[in-house]
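Structural description and commentary
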Amino acid sequence: MTYASGAEAPFELVQLLTPEGERVEHPAYDIDLTAEEVRALYRDLVLVRRVDMEAVALQRQGELGIWASLLGQEAAQIGSGRALTDADMAFPTYREHGVAWCRGVDPVNLLGLFRGVNHGGWDPAEHNFHLYTIVIGSQTLHAVGYAMGIQRDGAEAASIVYFGDGATSQGDVNESFIWASVFNAPVVFFCQNNQWAISEPLEKQSRIPLYRRASGFGFPGVRVDGNDVFACLAVTRQALKNAREGQGPTLIEAFTYRMGAHTTSDDPTRYRVAGELEAWKLKDPIERVKAYLFKNQLADQEFFEKVDAEAADLGRDVRKRCLEMPDPHPLEIFDHVYAEPHTLLKEEREQYAAYLSTFEGGGK
C-alpha cells in the first residue's frame, strides 16, 4: 500500500460520501441526516476554512508569529467535533481549529495564542475543549487521565483526543494506549493521518496502517475517510457512544491530507511532489458536500452565495478583532501559573519587573 500517493482509497476505508458527492452505504456505519443538518455541516466546513485562510494571511503579513493550517482536514475536524455531546471533553493539538469552532471557541482567541497576546484565550471547562498542546502527543495522556476520572465519577461522558500520524511514534501516545486499554477508559483516540509528519512521510512512522496498531493494545481501531464529513461524524459518534457505555477506547484513523504547509514556517515543496497535492485536491471535503447538496436538490445557488457572504464577513471580523487585540503587560505572564500565590514565582516576578524597569517606559 502506498500511503502518500493519494491515487486510491485504501480498501479498509469507511466512506459514506464519495469525492464525487455520491452517497454510499456501509454495513457497520451509517447515518441519517436531514437536509438542514447537511447544510449546517457544509456551512461549518466553509466558515472554518475561511478562518484558517485569514489566519494564514495574517501570519504572512507579520500579525501572527506562526500558524498551523487545517486546510484539507476540515471534514475530519467538523465531523468528529459535531459528534461530541456537551458533556464530552476534547483534547486538541495545535491544529484543531475546526473542533474549536464546534465547541464554541471564538476564532479570535485561537489567533491570540499565535499572536502572543493571550495564554490560550478560553476556559477549557466552559467549552469542554482543552487548551492547545504544542508538545507532540502529551495531550493523549491528559485525555486518558480525564477519561479515568469520568469513569470513577460514573458520568455519562467520554473524552476524545486529537493527534497526527507523526505523534504515533511518540512514547506518550503508546503509553496512553496502554493505560486506556488496561483501565477500559472511555476515550476516543482520533488520529488525523495527513500523510506527513512535517517532512517525514507515513512510511517512516509505521509499516502497517495506523488503525491496526490498536489491536496490539487490546482495543478496536477503524480507518475512516478523513475527507468525508458524513463518515467522520458516523464513526466518531459510534466510538463515543461505545466509550460512554463502558466498552472502552477506540482508535480512529482519519485518512486525510495536509493540503498546505505543516506550519507557516514550513515549505512543503521541498519534500513532496506537486502531483500528490493535485490528486488530493480532487477529494476536497467541501466540494464533495457541495456536490451532494446540488445533486440531491437540497440547496440552491442562493444558499451557497449566502454561505460565501457569511464567510467573507467572518473573515473581515476575525481580521479586525485580531488587529485590535491589546498587547498584555509583560508581567501578566505570571498571573495564572498557580491557583494560589507562590513564593518562588513571586521572587521571579519581582526579578523580571526589575529587569523591565531598566527599559524606557518600564516595559509597558
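Higher on the page you've got the structure.
Because the structure is predicted, anything quoted here is derived from the model rather than measured.

Observations regarding the overall build of the protein
Helix and strand counts for the protein come out as 13 helices and 7 strands. Relative to a compact globule of 364 residues, whose C-alpha radius of gyration would be 21 Å, the protein shows 21 Å and is just as compact. When burial is assessed residue by residue, the protein has 52% of its 364 residues classed as buried. When contacts within the protein are restricted to residue pairs at least 6 apart in sequence, long-range pairs at least 24 apart make up 75% of them. Entry remark: accessible area of the protein is about 16700 Å², with carbon and sulfur atoms responsible for 52%.

Some points on the pattern of salt bridges
For the structure on display, the rule yields 22 salt bridges. Close ionic contact of D88 with R244 constitutes a salt bridge, the shortest N to O distance being 2.6 Å. Remark: R244 occurs in helix α9 (residues 229–244) and D88 occurs in the loop between α2 (74–81) and β1 (89–91); sequence separation between them is 156 residues. You can call D88 buried: its relative accessible area is 0%. Measuring nitrogen to oxygen at the nearest pair gives 3.5 Å for the salt bridge that ties K204 to E200.

Section: a nonpolar patch on the surface
Residues I178, W179, V182 and F183 make up a contiguous nonpolar surface patch of about 400 Å² in total accessible area. When you line up the elements, I178 lands in helix α7 (residues 171–182). Relative accessible area serves as the criterion here: at 43%, I178 is assigned to the partly exposed category.

What to know about the pairing of strand β7 (residues 250–255)
Burial runs high along β7: 6 of the 6 residues are buried. The side-chain alternation of β7 yields two buried faces, one formed by T250, I252 and A254 and the other by L251, E253 and F255. Summarising the sheet, strand β3 (residues 187–193) and β7 pair through 6 bridges and their orientation is parallel. The residue bridging C191 from the neighbouring strand is E253, located in β7. Where strand β6 (residues 221–225) meets β7, 5 bridges bridge the pair, whose relative direction is parallel. Along β7, the bridge assignment pairs D225 with F255. Read as a crossover between parallel neighbours, the route from β6 over α9 to β7 is right-handed.

Comments concerning the packing of helix α1 (residues 35–60) against helix α12 (residues 301–324)
Here α1 crosses α12 at 35 degrees, and the two axes come no closer than 9 Å. Remark: the crossing between α1 and α12 carries right-handed chirality. For the contact of α1 with α12, the per-class residue count stands at 15 nonpolar, 1 polar and 7 charged.

Brief notes about the sheet that holds β6
Taken together, 5 strands build an open sheet; the order of strands is β1-β2-β3-β7-β6 and the sheet is parallel. The open sheet has two edge strands with one neighbour each: β1 and β6. Here the strands of the sheet are splayed against their neighbours by 20 degrees on average, with no regard to which way each runs. Relative to the sheet, helix α6 (residues 138–153) contacts β1, β2 (159–164) and β3, its axis offset from that of β2 by approximately 170 degrees.

Points about the nonpolar core
One finds Y42, L111 and F230 to be the most contacted residues of the largest nonpolar core, which totals 72 residues. Contacts of Y42, omitting those with residues within four sequence positions, involve I286, V289, K290, L293, F303, F304 and V307. Residues F91, A143, C191 and L210 belong to the second largest nonpolar core, which totals 21 residues.

Some points on the side chain of S206
Locating S206 in the fold gives a position in the loop between β5 (200–201) and α8 (213–217). Residue classification places S206 among the buried residues on the basis of a relative accessible area of 5%. For S206, the side chain forms a polar contact with the main-chain oxygen of I208, separated by 2.6 Å.

Some details on unusual backbone geometry
In the Ramachandran plot, N184 falls in the positive-phi region, its phi being about 55 degrees despite a non-glycine side chain. By the element assignment, N184 lies in the loop between α7 and β3. Using a relative accessible area of 33% as the deciding quantity, one classes N184 as partly exposed. Phi is positive for Q297, close to 55 degrees, though the residue is something other than glycine. Within the secondary structure, Q297 sits in the loop between α11 (285–295) and α12. According to the relative accessible area criterion, Q297 is exposed, its value standing at 71%.

Comments concerning helix α4 (residues 107–115)
For α4, every residue scored as buried is listed here: P107, V108, L110, L111, G112 and F114. Buried residues in α4 make contact with α1, α3 (97–102) and α12. A side-chain oxygen of the first residue of α4 lies 3.0 Å from the backbone nitrogen of V108; this N-cap is D106.

Criteria and cut-off values
Residues numbered from 1 in each chain as written. Predicted model: local features only at pLDDT ≥ 70, side-chain atom pairs only at ≥ 80, totals over all residues. Heavy atoms only, no water. Helix = DSSP H or I, 4+ residues; strand = E, 2+ residues; numbered from the N terminus. Rg over C-alpha atoms; globule rule 2.2 N^0.38 Å. Buried < 20%, exposed > 50% of the residue type's maximum accessible area, 1.4 Å probe, protein only. Contact = heavy atoms within 4.5 Å. Areas by Shrake-Rupley, 256 points an atom, 1.4 Å probe, with all protein chains shown as cover. Salt bridge = Lys/Arg side-chain N within 4 Å of Asp/Glu carboxyl O. Patch = residues over 30% accessible without salt bridge, like charges linked within 9 Å, V, L, I, M, F, W, Y side chains within 5 Å. Pairing = 2+ DSSP bridges. Right-handed = clockwise from strand over helix to strand, strands pointing away. Axes fitted to C-alpha atoms, helices over the stretch in contact; angles between N-to-C directions. Left-handed = near helix turned anticlockwise from the far one by under 90°. Nonpolar A, V, L, I, M, F, W, Y, C, P; charged D, E, K, R; others polar. Core = buried A, V, L, I, M, F, W, Y, C linked by side-chain atoms within 4.5 Å. Polar contact = N/O pair within 3.5 Å; in protein donor to acceptor, adjacent residues only side chain to side chain.

It is worth stressing that arrangement in space is one thing and function is another; only the former is reported here.
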